[in-house]
Each structure stands twice: as C-alpha cells, then as structure tokens.
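Chain by chain, the residues:
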Amino acid sequence: MLDYGFTEEQTAIRELAREIAEKELRPVAAKYDVSGEFPWPVVRKMAEVDLFRTFIPEEYEGIAGSTPTMNLVLVTEELSRACGGIALALAGTALGTMPILLSGSEEQKKRFLPDIAAGKRLAAFALTEPEAGSDAAGVRTTALKSGDHYVLNGTKQWITNGGEAEIYTVIALTNPSKGPRGASFFIVEKDTPGFTFGKKEDKMGIRASATRELHFEDCRVPAENLIGREGTGFITAMRTFDASRPGVGAQALGMAQGALDLALAYSCERRQFGSPISSFQGLRFMLADMATKVEAARALIYATSRHIDAQPKERPTIYSAMSKLFASDVAVSVALDALQVFGGYGYMRDYPIEKYVRDAKITQIYEGTNQIQREEIGKIMVGEQISKGGRK
Ligand SMILES: Cc1cc2nc3c(=O)[nH]c(=O)nc-3n(C[C@H](O)[C@H](O)[C@H](O)COP(=O)(O)OP(=O)(O)OC[C@H]3O[C@@H](n4cnc5c(N)ncnc54)[C@H](O)[C@@H]3O)c2cc1C
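Model, not experiment: these values are computed from the prediction.

Parameters at a glance
Residues numbered from 1 in each chain as written. Predicted model: local features only at pLDDT ≥ 70, side-chain atom pairs only at ≥ 80, totals over all residues. Heavy atoms only, no water. Salt bridge = Lys/Arg side-chain N within 4 Å of Asp/Glu carboxyl O. Helix = DSSP H or I, 4+ residues; strand = E, 2+ residues; numbered from the N terminus. Buried < 20%, exposed > 50% of the residue type's maximum accessible area, 1.4 Å probe, protein only. Polar contact = N/O pair within 3.5 Å; in protein donor to acceptor, adjacent residues only side chain to side chain. Contact = heavy atoms within 4.5 Å. Near = heavy atom within 4 Å. Areas by Shrake-Rupley, 256 points an atom, 1.4 Å probe, with all protein chains shown as cover. Expected span 1.5 Å × (residues − 1). Bend = angle between axes of the 7 residues up to and from the residue. 1 Å grid on protein atoms, 1.4 Å probe; cavity = no way out; pocket = protein on both sides within 12 Å on 5 of 7 lines; lining within 4 Å. Points joined across faces, edges and corners; volume = space filled by probe spheres on them. Nonpolar A, V, L, I, M, F, W, Y, C, P; charged D, E, K, R; others polar. Patch = residues over 30% accessible without salt bridge, like charges linked within 9 Å, V, L, I, M, F, W, Y side chains within 5 Å. Core = buried A, V, L, I, M, F, W, Y, C linked by side-chain atoms within 4.5 Å.

A. Region of interest: the pattern of salt bridges. Here the structure, examined in full by the defined rule, presents 27 salt bridges. Across the pair Arg 26 and Glu 22 runs a salt bridge whose closest N-O atoms are separated by 2.8 Å. Of this pair, Arg 26 and Glu 22 both sit in helix H1 (residues 8–35), four residues apart, which is roughly one turn of that helix. In this structure Glu 22 comes out as partly exposed when scored by relative accessible area, which is 38%. Look at the salt bridges and you will find they share partners, linking Arg 14, Arg 18, Glu 77, Glu 78, Arg 81, Asp 261, Glu 295 and Arg 298 into a network.

B. Geometry of the side chain of Thr 141. For Thr 141, the position within the fold is in the loop between strand E1 (123–126) and strand E2 (142–146). According to the relative accessible area criterion, Thr 141 is buried, its value standing at 0%. Reaching out from Thr 141, the side chain makes a polar contact with the side chain of Glu 129 at a distance of 2.7 Å. The contact partners of Thr 141, leaving out residues within four places of it in the chain, are Glu 129, Asn 153, Gly 154, Thr 155, Lys 156, Ile 171, Ala 172 and Leu 173.

C. Local environment of the site of the ligand. The ligand sits among 19 residues. The nearest are Phe 125, Thr 128, Ser 134, Thr 369 and Gln 371. Here a nitrogen atom of the ligand and a backbone polar atom of Phe 125 are 2.8 Å apart. At a separation of 2.8 Å, a nitrogen atom of the ligand approaches a polar side-chain atom of Thr 160. Coverage of the ligand by the protein chains reaches 65% of its 980 Å² of free accessible surface. Put simply, the parts of the chain that give the shell around the ligand at least two residues each are E1, strand E3 (149–160) and helix H10 (370–387).

D. Looking closely at helix H6 (residues 233–269). Its 37 residues give H6 an end-to-end C-alpha distance of 53 Å, which sits within 8% of 54 Å, the value for a rise of 1.5 Å per residue. In the structure, H6 departs most strongly from a straight axis at Ala 243, where the bend amounts to approximately 35° and where the proline Pro 246 lies between one and four residues downstream. Extensive coverage of H6 is indicated by the burial of 28 of its 37 residues.

E. Spotlight on the layout of surface pockets. Within this model, the largest pocket holds a volume of roughly 1,300 Å³. Taken together, 50 residues form the lining of the largest pocket, with Thr 128, Ile 365, Tyr 366, Glu 367 and Gly 368 sitting closest to its centre. For the lining of the largest pocket, the secondary-structure elements that each account for two or more residues are helix H3 (68–82), helix H4 (84–103), E1, E3, H6, helix H9 (353–361) and H10. It is H6 that contributes the most residues to the lining of the largest pocket, eight residues altogether. A breakdown of the residues in the lining of the largest pocket according to their chemical character gives 24 nonpolar, 15 polar and 11 charged. By volume, the second largest pocket amounts to about 710 Å³.

F. Structural view of the environment of Val 43. Summarising the element assignment, Val 43 is placed in helix H2 (residues 40–48). Sequence spacing of Val 43 and Glu 77 is 34 residues, and the spatial spacing of their C-alpha atoms is 16 Å.

G. View of a nonpolar patch on the surface. Taken together, the side chains of Met 381, Val 382 and Ile 386 make up a nonpolar region of the molecular surface, amounting to roughly 260 Å² of accessible area. Within the secondary structure layout, Ile 386 lies in helix H10.

H. Structural view of the environment of Glu 77. In this structure, Glu 77 sits in helix H3. For Glu 77, a relative accessible area of 1% puts it in the buried group. Spatially, the C-alpha atoms of Glu 77 and Leu 214 are 28 Å apart, while their sequence positions differ by 137 residues. Not counting residues within four places of it along the chain, the set of residues in contact with Glu 77 comprises Arg 14, Ala 250, Leu 253, Gly 254, Arg 298 and Tyr 302.

I. Fine view of the environment of Ala 243. Topologically, Ala 243 is positioned in helix H6. Sequence-distant contacts of Ala 243, defined by excluding residues within four places in its chain, comprise Thr 69 and Met 98.

J. Spotlight on the nonpolar core. Leu 25, Met 46, Leu 79, Ile 86, Leu 90, Leu 152 and Val 188 are the most contacted members of the largest nonpolar core, which totals 74 residues. Among the elements that take part in this core, H4 stands out by supplying nine residues, more than any other. Excluding residues within four positions of it along the chain, Val 188 makes contact with Leu 152, Glu 166, Ile 167, Tyr 168, Val 170, Phe 195, Phe 216, Cys 219 and Val 221. Core analysis: the second largest hydrophobic core is formed by 35 residues, Leu 260, Ala 263, Ala 327 and Val 334 among them.

Here you go:
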C-alpha cells in the first residue's frame, strides 16, 4: 500500500480493526449471511476493543482526536474487507450519531454519546420513507408540537440497524406547510410509546445487517430531543451526508479489497493448462485493473477524509459524493471481476466470493444512489462555473 502518512494513532486503529476483522468477523461472515441474524456477539467484541469510540470526541468518552472521519473510514474499510454486513452495525451507528455530533446540544451529546462510544447502545439514521427515497425532501412524517413534547406520526423505510439500535435520529416535518424548510431532526429512543418496528427485510446482500421499517403513531418525544432549531432538519441531513459518504466509500473500498485478496490468492492456486491461472496474461491484466481501481478509490477517500477533518470553510459535498460514487462503482466491478477469476466456483455459494458481489451492490444505492451523486457533483460544478460568470 502507498504511504498515506498516517499518525501513530491511525496506524494503531487500522491494525486493531484489521485484527478484529480477521479474528471475529471473517470466521462467522458466511454463517450470518445465511441466517440473516443480527451479529450481537461480534458487535460486543467490536465494542470491547473500543472501535465505537474511534469517531466520538474525547469529551464524550471517545478517542477520535482531531481525525474522526479518517478513523471511521479506516475502521469501516478493515471491517468491510472481512464482512460488509457485520461492518454496518458500526457504520450505521456512526451515521445515526452524526446529526447529534454535528447539530446536537451539549446536553444531548453528554446524554447520548458516551453510551454510543462504549458500544452499549447502537444508533440509526431515519430519513427514507415509502414515498421519499431519492427525493428526500418529500418526507411526510410529521412532528407537531404539543406542550413540552412533539407528537410523531409516519413511517420510515429500510432503516439500517432498525429494531436493534436504541437511539434513532429521525427527520420529520414540524411545519408541514413549509415543506423541507419545515423539517427538523429528533432523537427518538427505542422504548418510546407509539414507536414500533415493521418486519425485518430479507435482502440479497449485507444480510447480517438489520433493515426495518419504523412506525410512529402518536409517538410523544420530549421537546428537549429536538436536534438544533426547528426547520434545520435538512441542513443537518445534508451535513450528515457530507461527513458520512466517505464512510460508504470505505465500505465499498473494503469489500473491493477483500474480493481482490481472494481473487489474487485463488489465481495463484488454481491450475489449468498445466499452469496457475495467474500465469495467463488475460487474467493478470484483470488483476492489474482491479488493483489499480482499488488504490485509486483509497487515495480519493483518504484525501477527502483528511480534507473533512481539517474542517474546511466550504462544504466538502462534491468530494464526499465523488468518494462514495467512485468507490461503490469500483466495488461492484471489482467484486464481479473477482467472481470471474474464480470461474464456475465463483458462482457457487460454497465459495466466499459471490457474497462480495451481493454485498457490494448496496453501496451504489444507499445514502443517495449513484445517479443522485452524479447529479449533485454535476450541479455543484455547473453552479460554480455560472457563479464565475461562465454562462453567456
Ligand atoms: C439495505 C438498505 C439500507 C438502507 N438504510 C437506510 C438508512 O439507514 N436510513 C435511511 O434513511 N435510508 C436508508 N436506505 C434507503 C436508501 O437511502 C434509498 O433506498 C435510496 O436513497 C434510494 O431511494 P429509493 O430506493 O426510494 O429509490 P428511488 O428514489 O425510487 O429511485 C429509483 C431509481 O431512480 C433513480 N432516480 C431517482 N431520482 C433520480 C434523478 N433525479 N435523476 C436520476 N435518477 C434518479 C435512482 O437513482 C434509482 O435508480 C436504505 C436502503 C437499503 C436498500
């Protein structure tokens, strides 16, 4: 790997995540893929070695230092290399925690972050609804003020860690007549009356990750659980995506690297025509292209993470979107090529490679599909050009 100039702490975090991935995730990845159970024993191991602390500041019992984004990316990449599904328990928690980290009050941070840092309580982020996917501004869940509470009504769909997490950051309309400008974020705890879960989804990949509907029926949430001010929900959501998309890129990167590792090893073992298949130029070219794409994705994600951790004045939206877009396209193409290297064995469930294809696909879909990432990148580019006076 290239020298990316990691600090001692980052190197230690990376090595620890790799050790846990190899010792605790890889041996059980196939088992959880088949059963679709939530991997609580593995999540507890991840918590025991403090992996959940890596993206939380020291004031709230974390160990993030000044590089929470890079830490999260390194941990997510290493865990996803062994199992993209299990890794999501942590990555989904980080996503659910972002609105609190970015826009929460000091009181909210003190109340919720230490338990998340300890891995005692998982978090989840709830934006998507049956009628509001790519068009996130179309959310219909309402949160109407009633005395010192807000009353939530509506349904959130396909929420990662749904049913397993205890802390949910949920966007809802506090002023429906204002549309997206009337949206606000709330912290909703699992045992709140009126908050229930739908069935667990049966997915093609990342099957160790729980995905469920959330139902709110006259669910009374204390007013102190409002994140930021009323009407700032979409700003918080957009800032969350700025911070979290390199993490989706890291999931994709880890899966791509994991698939490449297996393909390279297999190509040196499998013999045809009296030679290892790795001796054939057609196959070596494939491996070379796969490795080049993986390293390019890594360089973009790390550079973006470093940029975000330096707290730039301007929003890093374009680079976050590029990281997610590029790495997820790489993950799908590298996983498919890795399967090709395995030939017919790659198509068999007895071999670990087809799982990478199924797992990688989701990274092109969630946290904004890749069409939406391209749309955002293009919009920013054209907007900047116009503001420079480029339109005649
Ligand atoms: C396993 C899983 C986990 C998820 N976890 C979470 C979670 O934790 N929290 C959460 O809030 N959400 C979550 N989601 C939801 C996810 O973010 C959405 O599925 C995603 O944003 C796309 O929305 P949609 O599925 O409704 O697709 P749609 O918006 O219906 O899009 C359908 C197709 O049309 C394309 N399309 C739509 N609009 C445009 C456009 N303007 N230009 C070009 N193409 C367009 C899309 O790219 C896509 O190909 C999860 C989804 C899945 C499958």
